[in-house]
Amino acid sequence: MAYDGMYGPDTVTWSVGREAVLLVGGGRTLLLQVAPPLVAAGVEQHSRYGSDPWGRLYRTIDVSCRIAFGDRETSAEAAAALRRVHTRVAGTAADGTPYEANRPDLLMWVWATLLDTSLLVYRRYVGSLTRDEVHRYYQEQTRFAVACGVPAGTWPRDYQAFREYFEATVEDELHPTEDSRRIAAAVLGSGVPLPLRPVSAALNLATVGLLPPTLRERFGYEWGPGRGALLEASSFTLRQGLRLLPSPLRELPAARAASRRAAA
């Protein structure tokens, strides 16, 4: 099959990114993204995370899917729209530090959270990847980085270097502020309709449990062997359940549409 878009059926991204279970990592991604003070300030001042965190996440996923799975024109338009939004996000943090969403280091971190969470969730809930597949996935994702505005060639040279960058950033740069905590509280909020509370509780468990331990502690979330065992049990149940579903029921709609276009 051939495909006129950023990725195609022969890419690892095509296999990893189509899995709807990646949405389980949405909360983790959000909390990682807003842990740096300047990103948190930008999100707090220029978005509706406080009143509509999951709606904001849905819109982010929608743009990401159009970039990754849309045809060439759709992908380019979505990427251009995303970059235009970034140009409007600028201001001053509570401590007086100015920020711009187009700063390369901030764009790099936001891209890194998406990449890291996608790999983590895929390998936890769907299946393993070989070292070569991880390497290919990382190199493929640099196309997405450019689409999001990351200057070409500024990312770590390979996946091992990326891991070193990611872990150093978590340790040295992620210090949640009051803005960070307000956004995180909205993401983990309790104002969920009663029928959806079991799902919300499971998502919140994954959101907190899949965070790097250092960041989890800095946010002040309690964690222990009991919650860790509960996360492992819920992960096992979901993983086994996914294996029983036919592929079309496990895939994001944008990915299914891309497969149909590729086949045609």
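See the structure printed just above.
Summarised in this report is the structure supplied together with it. Sequence order as written defines the numbering, with residues in each chain counted from 1. Totals for whole chains, interfaces and linings use all residues, but because this is a predicted model, local features are given only for residues with pLDDT of at least 70 and pairs of side-chain atoms are given and counted only at 80 or more. Calculation of side-chain values draws on the structure's entire complement of heavy atoms; hydrogens and water are dropped beforehand.

### Quick notes on the overall build of the protein
Within the protein, the secondary structure is distributed over 14 helices and 2 strands. Only C-alpha atoms enter the radius of gyration, while the globule expectation follows 2.2 Å times N to the 0.38, with N the number of residues. In summary, the protein has a C-alpha radius of gyration of 18 Å against a globular reference of 18 Å for 264 residues, a match within 12%. Across its three principal directions, the C-alpha atoms of the protein cover 55 × 40 × 35 Å. Throughout, exposure labels follow a simple rule: accessible area from a 1.4 Å probe, protein chains only, divided by the maximum for the residue type, with under 20% read as buried, over 50% as exposed, and the rest as partly exposed. Here the protein holds 264 residues, and 47% of them are scored as buried. Here a residue-residue contact requires only that any non-hydrogen atoms of the pair lie within 4.5 Å. Excluding contacts between residues fewer than 6 apart, the proportion of contacts in the protein whose partners are at least 24 apart in sequence is 74%. Areas reported here follow the Shrake-Rupley algorithm with a probe of radius 1.4 Å; residue values treat only the protein chains shown as occluding. Summing over all exposed atoms, the protein offers an accessible surface of approximately 13200 Å²; the carbon and sulfur share of this is 56%. A run of H or I in DSSP becomes a helix once it reaches four residues, and a run of E becomes a strand once it reaches two; helices and strands are each numbered from the N terminus.

### Here's the deal with the packing of aromatic side chains
Between rings of Phe, Tyr and Trp, where Trp is taken as its six-membered ring, a pair exists when centres lie within 6.5 Å; planes separated by under 30 degrees are stacked, by over 60 edge-to-face, and by other angles tilted. As enumerated under the stated definition, the model contains 12 aromatic pairs in all. The interplanar angle of 40° and the centroid separation of 6.0 Å between the aromatic rings of F162 and F166 together place this pair among those described as tilted. Here the residue F162 and the residue F166 both occupy positions in helix α8 (residues 159-173), the gap between them amounting to 4 residues, near one helical turn. Owing to a relative accessible area of 0%, F162 belongs among the buried residues under this scheme. With a centroid separation of 5.5 Å and 15° between ring planes, the pair formed by F219 and Y221 is classed as stacked.

### Focus on the packing of helix α2 (residues 26-34) against helix α6 (residues 104-125)
If you want to describe how two helices pack, look at the angle between their axes and the distance between the axes. It is the contact of α2 with α6, at a shortest axis distance of 9 Å, that shows an interaxial angle of 150°. With respect to each other, α2 and α6 are oriented roughly antiparallel. Considering how the two elements wind past one another, α2 and α6 form a crossing that is right-handed. Touching R28, T29, L32 and Q33 of α2 are W109, V110, T113, L114, D116, T117 and L120, all from α6. What counts as an axis is a line fitted to C-alpha atoms, over the stretch in contact for a helix, and the angles between N-to-C directions run from 0 to 180 degrees. Orientation labels follow simple angle bins: below 35 degrees gives roughly parallel, above 145 gives roughly antiparallel, 65 to 115 gives roughly perpendicular, and whatever is left gives oblique. Rotating anticlockwise by less than a right angle from the far helix to the near helix defines a left-handed crossing, while the corresponding clockwise rotation defines a right-handed one.

### Focus on helix α12 (residues 225-244)
Each residue after the first adds 1.5 Å to the expected span of a helix. Between the first and last C-alpha of α12 there are 29 Å, a value that for 20 residues agrees with the 28 Å anticipated at 1.5 Å per step. Of all the positions in α12, only G228, L231, S235 and L242 are classed as buried. Viewed along the axis of α12, the buried residues span an arc of 55°, placing them on a single side of the element. Relative to its buried face, α12 has exposed residues pointing more than 90 degrees away, namely P225, G226, L230, T237 and L244. By definition, the arc is the one covered by directions from the helix axis to the C-beta atoms.

### Let's talk about the pattern of salt bridges
The salt bridge definition used is simple: a Lys or Arg side-chain nitrogen within 4 Å of an Asp or Glu carboxyl oxygen. The full count for this structure, using the stated rule, is 12 salt bridges. Via salt bridges that share partners, R28, D116, R163 and E167 belong to a single interconnected network.

### Structural notes on the nonpolar core
In these notes, a set of buried Ala, Val, Leu, Ile, Met, Phe, Trp, Tyr and Cys residues joined through side-chain atoms within 4.5 Å is what counts as a nonpolar core. With 72 residues, the main nonpolar core has I67, W111, L115, Y125 and F162 as its most contacted residues. In terms of residue count, the dominant contributor to this core is α6 (11 residues). The residues touching F162, leaving out its near neighbours within four places in the chain, are W111, A112, L115, D116, Y138 and P156.

### What about the packing of α6 against α8?
α8 packs onto α6 with a crossing angle of 110° between their chain directions and a minimal axis gap of 11 Å. Between α6 and α8, the crossing angle belongs to the class labelled roughly perpendicular. Every residue of α8 that contacts α6 at M108, W109, W111, A112, T113, L115, D116, L119 and R123 is listed here: Y159, F162, R163, Y165, F166, T169 and V170. Classes in brief: Ala, Val, Leu, Ile, Met, Phe, Trp, Tyr, Cys and Pro nonpolar; Asp, Glu, Lys and Arg charged; the others, Gly included, polar. Of the residues in the contact of α6 with α8, the class split is 11 nonpolar, 2 polar and 3 charged.

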